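Inside the fold
In case you want the letters, here they are:
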Amino acid sequence: MSDETAAAISAVRRDWVTEHRDTYLASGGAQGHIMDITPVGGRKFATHCLVKYVGRKSGKTFITPLCYADIGGEVVICGSKGGADTHPQWYLNLVDSPEVEFQIATQAFRGTWREPEGEERRKVWDFFIDCHPFYATYQASTERLLPLVLMKADTEIPVFKAEDATGHRTT
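Applying the stated criterion to the full structure yields seven aromatic pairs. Measuring from ring centre to ring centre gives 5.6 Å for F102 and F109, while their planes differ by 40°; the resulting arrangement is tilted. Using a relative accessible area of 1% as the deciding quantity, one classes F102 as buried. Their ring planes at 75° and their centres at 5.4 Å tell us that F134 and Y138 sit as a pair that is edge-to-face. A residue pair is termed a helical-turn pair when its members lie 3 or 4 positions apart in one helix, as F134 and Y138 do in helix α4 (residues 134–140) at four residues. By the burial criterion, F134 is buried, and Y138 matches it.

Next comes the structure, spelled out in structure tokens:
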């Protein structure tokens, strides 16, 4: 999918994504963790986490809601950008950091992350698209390999708050 097409789709979804993030943050994670995303090809009880990261150029802190799945005690997210031909900013920023902060429902964590490779990546991908089938459509719309990120919690930290984010990126 061209970046122009992805930008058009993003513009339509931007309000929803911002509202989703703001609801998640305002409720301390009591709302926004489970969302009905059947209108976009997802499941009725789709799981979402928040990922907090620092912009590699701006130095601003961003918080982005993403679909996730739990596999083998690690949390997997996907850098799809809706199937665009370029990686999402959150992924590019994460690559520059050895640690990650993420929130699942009412618990937040600092931990490490890694990208699965080879046979493990295939297994994680199959599991992820079983949980969130529309990601297969995203992968089919681009030639780039959508990155998978496995996050492992090390330390529990306070849940995220809206004021933790100094930037306002939604993808």
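This part takes up the pattern of salt bridges. According to the stated counting rule, one finds nine salt bridges in the structure shown. Of the charged contacts in the structure, one is a salt bridge between R21 and D22, with a shortest N-O distance of 3.3 Å. On the accessibility criterion, R21 (7% relative accessible area) is buried. For D22, a relative accessible area of 36% puts it in the partly exposed group. Between K52 and E101 there is a salt bridge whose closest N-O contact spans 3.3 Å. Here K52, found in strand β2 (residues 46–54), pairs with E101, found in strand β6 (residues 99–104); they are 49 residues apart in sequence, far enough to count as distant. Take K52 and E101: they sit in the same class, and that class is buried. When salt bridges that share partners are traced, they join K52, E101, R110 and D164 into one network.

Calculation notes
- Residues numbered from 1 in each chain as written.
- Predicted model: local features only at pLDDT ≥ 70, side-chain atom pairs only at ≥ 80, totals over all residues.
- Heavy atoms only, no water.
- Phe/Tyr/Trp six-rings, centres within 6.5 Å; stacked < 30°, edge-to-face > 60°.
- Buried < 20%, exposed > 50% of the residue type's maximum accessible area, 1.4 Å probe, protein only.
- Helix = DSSP H or I, 4+ residues; strand = E, 2+ residues; numbered from the N terminus.
- Salt bridge = Lys/Arg side-chain N within 4 Å of Asp/Glu carboxyl O.

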